[in-house]
Amino acid sequence: MIISKHLLGLEGVSRKEISLILKTAQSFKEVLARPIPKVPTLRGKTIVNLFYESSTRTRFSFELAQKRLSADNLNFTASGSSVAKGETLKDTVRNLEAMKIDMVVIRHPASGAPHFLARHIDASVINAGDGQHEHPTQALLDLMTLQEKRDKIRGLKVALIGDIAHSRVARSNIYGLKTMGAEVAVCGPTTLLPREVEQWDIEIFTRIDDAIRWADVLNVLRLQLERQESGLIPSVREYAARFGITRARLAAARKDILIMHPGPMNRGIEIESDLADSESSVILDQVTNGVAVRMAVLYLKSGGEQVLESTLEAEA
Amino acid sequence: MKTRENIKTEIMDGKDLDRTVARLAHEIVERNRGTENLVMVGIRTRGVPLAERLIDKISEIENRKPALGILDITLYRDDLLKKMKQPRLQQTDIPFDIDDKVVILVDDVLFTGRTVRAAMDALMDFGRPAKIQLAVLVDRDQRELPINADFSGIKVTVGAGEEIRVKLHGVDDCDGVFVVDSANEG
């Protein structure tokens, strides 16, 4: 089995490779529970976190994963850097590469920025969210959480709720879930469903109650408040009334339904506040698993393109 | 990988192996004057079934079963990022506190000593054991680090191009210790 050098998205990533990442992540979860939750594996490797967009959870999660693996890391944020002086992405990275770095974790508002990077440098590139395209490590941690809570992903009915059109989380989740054999649905206002949705071979709901009755899992996406200004929804209040997930609505759901949210939450808009803290919610498990999944990805990509020992193939 | 290798000599058959494990178990309880404070940690892959067998023998002798821990040393290897073939990371499971315990570290073959070095580093991250002792089935030559076994089943010198292969039920289809050609080893 060949492991690719970069993680740019989940589109086209094989079931075997996703399974390998999830298994490896389970091992790292055990590392995180140790008295000293740190291993020397990536000692001497240098990783740059290039964040052209604000992020708390993802950036901390990657940073923590790097520290737990004993890698050295450099953190770059667009504000207060040479980008503010007009440097292009290509030049920034060429300069970083001249400093001998091994991996780049990039978040960028432009879709495809990580792919551009991967074409221009030798280091491994990990996509931490690019525009409206993909956010693969988020989908992987969602998959890991599902696997933990429901044992297997195959056959699970997962509904993604909200702004599908602008969501990289949704896109990566759809690719990952379908590869792993889950049934996928999307539900949201028609203005927030992407045009290509009908080609994806997934369920489409425009009424939230239908999605709730159908689903084993609801993955509730964040409503970007600027969507109202662009006229895609009449008002945030109306969105909350028609698509917000509430306890009252969940009365029609199966008893053991799981509620996920990639964060940051708008409590009281896409999700009722106390529901986010309820026993159905696995939102904090997602965050914990995020560190383990990112350790797995960094570990597996750290050697560049790799051939994995044959023992795995027998088990996979 | 298991079927491709070319067996040159059999050093131990299943019965020999069983007797050797019994002797090692006796030596371990003799040296430690019983099993109090004793825990066993098997190094993946074949250190684990070997540790299980030692535990069975020890409990026959002393009527008390030492706890078993499983250690995967992949993350502590010194050649991890140099090898083209990346070993698969598996789970470590040490379900007890090792502080102030006597840890018997178990592996099938002691060769360069690098695995044991990695295992000791890993154990230190779990706590501060009173002692670590090393038990191996085969002690072969060509050490690269100053590490020796406290309990060893058999000492073997191996020629160029040869490898020691231990087989244990639970992982393999038979029990035994063999000398094989190392040519097809990756």
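Here, every reference points to the structure presented above.
For clarity, every value in this text was computed on a predicted model and none was experimentally measured.

Colleague: If you had to explain the packing of aromatic side chains to someone new, which residues and values would you point to?
Modeller: Within this structure, the stated rule accounts for four aromatic pairs over all chains. Ring geometry for Tyr52 of chain A and Phe76 of chain A: centres 5.4 Å apart, planes at 50°, overall tilted. With a gap of 24 residues between them, Tyr52 of chain A in the loop between strand E2 (46–51) and helix H2 (57–68) and Phe76 of chain A in strand E3 (residues 72–77) connect regions that are remote in the sequence. When its relative accessible area of 13% is taken as the criterion, Tyr52 of chain A is described as buried. Positioned over the ring face of Phe62 of chain A is Arg294 of chain A, at 5.0 Å from the centre of the ring. The ring of Phe178 of chain B is capped by Lys167 of chain B, whose NZ or CZ atom sits 5.8 Å from the centre of that ring.

Colleague: Provide a residue-level description of the sheet that holds strand E6 (residues 131–140) of chain B, including the pertinent values.
Modeller: Residue and element names in this part refer to chain B. Strands sit in the order E3-E2-E5-E6-E7 across an open sheet of five strands; the sheet is parallel. Here the strands that pair on one side only, and so sit at the sheet edges, are strand E3 (67–71) and strand E7 (151–156). Direction aside, the axes of adjacent strands within the sheet are offset by 25° on average. Here E6 runs beside E7; their pairing, made up of five bridges, is parallel. Across the sheet, Asp139 pairs through a bridge with Lys155, a residue of E7. Along the sheet, helix H1 (residues 14–31) contacts strand E2 (38–43), strand E5 (102–110), E6 and E7; its crossing angle with E7, the most-contacted strand, is approximately 135°. Running over the sheet, helix H3 (residues 114–124) touches E2, E3, E5 and E6 and is turned about 155° from E5.

Colleague: Please provide a residue-by-residue account of the pairing of strand E9 (residues 176–181) of chain B, values included.
Modeller: Residue and element names in this part refer to chain B. Most of E9 is tucked away: five of the six residues are buried. Relative to E9, strand E1 (residues 7–12) runs antiparallel, the two being bridged by four bridges. Residue pairing across strands places Met12 opposite Val177, the latter belonging to E9. In this structure, strand E8 (residues 162–167) lies alongside E9, joined through six bridges in antiparallel fashion. What sits directly across from Lys167, in E9, is Gly176.

Colleague: Requested: an account of the nonpolar core, with residues and values cited.
Modeller: Of all hydrophobic cores here, the largest spans 84 residues; its most connected members are Phe28, Leu140, Leu146 and Leu298 of chain A together with Leu71 and Leu105 of chain B. Among the elements that take part in this core, helix H12 (residues 283–301) of chain A stands out by supplying nine residues, more than any other. Every residue in contact with Leu146 of chain A, bar those within four places of it in the chain, is listed here: Asp151, Ile153, Leu156, Val158, Leu177, Val217, Leu258 and Met260 of chain A.

Colleague: Please provide a residue-by-residue account of the layout of surface pockets, values included.
Modeller: Residues and elements named next belong to chain A. Reported here for the second largest pocket is a volume of approximately 630 Å³. Around the second largest pocket sit 25 residues that line it, and Arg107, Arg168, Arg222, Gln224 and Pro264 are the ones nearest its centre. Those elements giving two or more residues to the lining of the second largest pocket turn out to be H2, helix H6 (168–179) and helix H8 (226–229).

Colleague: Provide a residue-level description of the environment of Gly176 of chain B, including the pertinent values.
Modeller: All names here are of chain B. Mapped onto the secondary structure, Gly176 falls in strand E9. Distance in space between the C-alpha atoms of Gly176 and Asp13 is 4.5 Å, their sequence separation being 163 residues. With residues up to four places along the chain from it excluded, the contact list for Gly176 reads Met12, Asp13, Leu17, Arg165, Val166 and Lys167.

Colleague: Describe the sheet that holds E2 of chain A, and please don't skip the residues or the numbers.
Modeller: Residues and elements named next belong to chain A. The four strands lie next to each other as E3-E2-E4-E5, forming an open sheet whose pairing is parallel. Whereas interior strands pair on both sides, the edge strands pair on one side only; in this sheet they are E3 and strand E5 (124–130). Across this sheet, the average inter-strand angle for adjacent strands is 15°, counted without regard to direction. Taken together, the five bridges between strand E4 (residues 103–108) and E5 define a ladder with parallel strand orientation. Paired with His108 across the two strands is Asp130, which belongs to E5. In the packing of H12 onto the sheet, contacts are made with E2, E4 and E5, and the angle to E5 comes to roughly 150°.

Colleague: Go over the pattern of salt bridges with me, naming the residues and quoting the values.
Modeller: The final tally for this structure, using the stated rule, is 31 salt bridges over all chains. For Lys8 of chain B, the salt bridge goes to Asp181 of chain B, with nearest N and O atoms at 3.7 Å. Taken as a pair, Lys8 of chain B in strand E1 and Asp181 of chain B in strand E9 lie far apart in primary sequence, 173 residues in all. Take Lys8 of chain B: its relative accessible area is 47%, and that puts it in the partly exposed class. Between Asp141 of chain B and Arg140 of chain B there is a salt bridge; the shortest N-O distance is 3.8 Å. Beyond isolated ion pairs, a larger network of salt bridges with shared partners links Arg150, Asp216, Arg254 and Asp256 of chain A.

Colleague: Describe in detail the environment of Arg43 of chain A, supporting the description with residues and values.
Modeller: Residue and element names in this part refer to chain A. If you trace the backbone, Arg43 turns up in the loop between helix H1 (15–32) and E2. Along the primary structure Arg43 and Glu279 are separated by 236 residues, whereas in three dimensions their C-alpha atoms are 39 Å apart. Apart from residues lying up to four places away in sequence, Arg43 is in contact with Leu69 and Ser70.

Reading guide: rules and limits
Residues numbered from 1 in each chain as written. Chains lettered and ligands numbered in written order. Predicted model: local features only at pLDDT ≥ 70, side-chain atom pairs only at ≥ 80, totals over all residues. Heavy atoms only, no water. Phe/Tyr/Trp six-rings, centres within 6.5 Å; stacked < 30°, edge-to-face > 60°. Helix = DSSP H or I, 4+ residues; strand = E, 2+ residues; numbered from the N terminus. Buried < 20%, exposed > 50% of the residue type's maximum accessible area, 1.4 Å probe, protein only. Lys NZ or Arg CZ within 6 Å of the ring centre and 35° of its normal. Pairing = 2+ DSSP bridges. Axes fitted to C-alpha atoms, helices over the stretch in contact; angles between N-to-C directions. Contact = heavy atoms within 4.5 Å. Core = buried A, V, L, I, M, F, W, Y, C linked by side-chain atoms within 4.5 Å. 1 Å grid on protein atoms, 1.4 Å probe; cavity = no way out; pocket = protein on both sides within 12 Å on 5 of 7 lines; lining within 4 Å. Points joined across faces, edges and corners; volume = space filled by probe spheres on them. Salt bridge = Lys/Arg side-chain N within 4 Å of Asp/Glu carboxyl O.

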